[in-house]
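As a plain string of letters, each chain reads:
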Amino acid sequence: MTLAETDPAGRGLLEKLVAAVRPEFRVDILFPAADDPVLGWEFCAVPGCDRPAGDYELCKGHGSRWLKLARSARPGQLHRQPRAAAAGPQ
């Protein structure tokens, strides 16, 4: 017994698949919109960069530059400096 014989509409597997998939997903390569609620992504945190964010909220290019800088920095160079105590009555 074949699949077409068990399907009352007489459709084959490919026809069933095409009928079940929404038209916007019937493409060879899918490029989802950035704001898609399921397949979307966050943009890189660097102003003007429109690439998708990965680790550290940065794209791969900016993230690798940031890590390279972090590895070559002197101890304490990348950390915020403590604020100077406010001058007040003593």
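Residues numbered from 1 in each chain as written. Predicted model: local features only at pLDDT ≥ 70, side-chain atom pairs only at ≥ 80, totals over all residues. Heavy atoms only, no water.

1. Things to note about unusual backbone geometry
Although it is not a glycine, Y56 adopts a positive phi angle of roughly 60 degrees. Tracing the backbone shows Y56 in the loop between α2 (13–20) and α3 (60–72). Look at Y56 and you get exposed, because its relative accessible area is 52%. Even without glycine at this site, E57 takes up a positive phi of about 60 degrees. Its location among the elements puts E57 in the loop between α2 and α3. (Helix = DSSP H or I, 4+ residues; strand = E, 2+ residues; numbered from the N terminus. Buried < 20%, exposed > 50% of the residue type's maximum accessible area, 1.4 Å probe, protein only.)

2. Description of the packing of aromatic side chains
In the structure shown here, the tally under the stated rule is two aromatic pairs. Where W41 meets F43, the ring centres are 6.3 Å apart and the plane angle is 80 degrees; that geometry is what we call edge-to-face. Here W41 falls in the partly exposed class, since its relative accessible area comes to 30%. Judged by its relative accessible area of 44%, F43 is partly exposed. Their ring planes at 50 degrees and their centres at 4.8 Å tell us that Y56 and W66 sit as a pair that is tilted. (Phe/Tyr/Trp six-rings, centres within 6.5 Å; stacked < 30°, edge-to-face > 60°.)

3. Quick look at the environment of D50
As for its placement among the helices and strands, D50 is situated in the loop between α2 and α3. Counting along the chain gives 16 residues from D50 to A34, while the straight-line C-alpha distance between them is 9.7 Å.

4. Quick word on the pattern of salt bridges
On inspection of all chains with the given rule, the structure shows one salt bridge. One salt bridge connects R22 with E24, and the closest N-O pair in it is separated by 2.7 Å. R22 sits in the partly exposed class, given a relative accessible area of 48%. (Salt bridge = Lys/Arg side-chain N within 4 Å of Asp/Glu carboxyl O.)

5. Here we look at the side chain of H62
Looking at the element boundaries, H62 is found in helix α3. There is a polar contact of 3.4 Å between the side chain of H62 and the side chain of R51. Filtering out sequence-adjacent residues up to four positions away, H62 remains in contact with C44, V46, C49 and R51. (Polar contact = N/O pair within 3.5 Å; in protein donor to acceptor, adjacent residues only side chain to side chain. Contact = heavy atoms within 4.5 Å.)

6. Some details on a nonpolar patch on the surface
Together, F25, V27, L30, V38 and L39 give the surface a local cluster of nonpolar side chains, amounting to about 430 Å² of exposed area. Relative to the helices and strands, V27 resides in the loop between α2 and α3. Under the relative-accessibility criterion, V27 is labelled partly exposed at 43%. (Patch = residues over 30% accessible without salt bridge, like charges linked within 9 Å, V, L, I, M, F, W, Y side chains within 5 Å. Areas by Shrake-Rupley, 256 points an atom, 1.4 Å probe, with all protein chains shown as cover.)

7. Remarks on the confidence of the model for the protein
A residue-level look at the protein finds 71% of positions with pLDDT of 70 or above and a mean pLDDT of 77. For the protein, the element scoring lowest by mean pLDDT is helix α1 (residues 3–6), at 52; α2 scores highest, at 88. (pLDDT = per-residue confidence, 0-100.)

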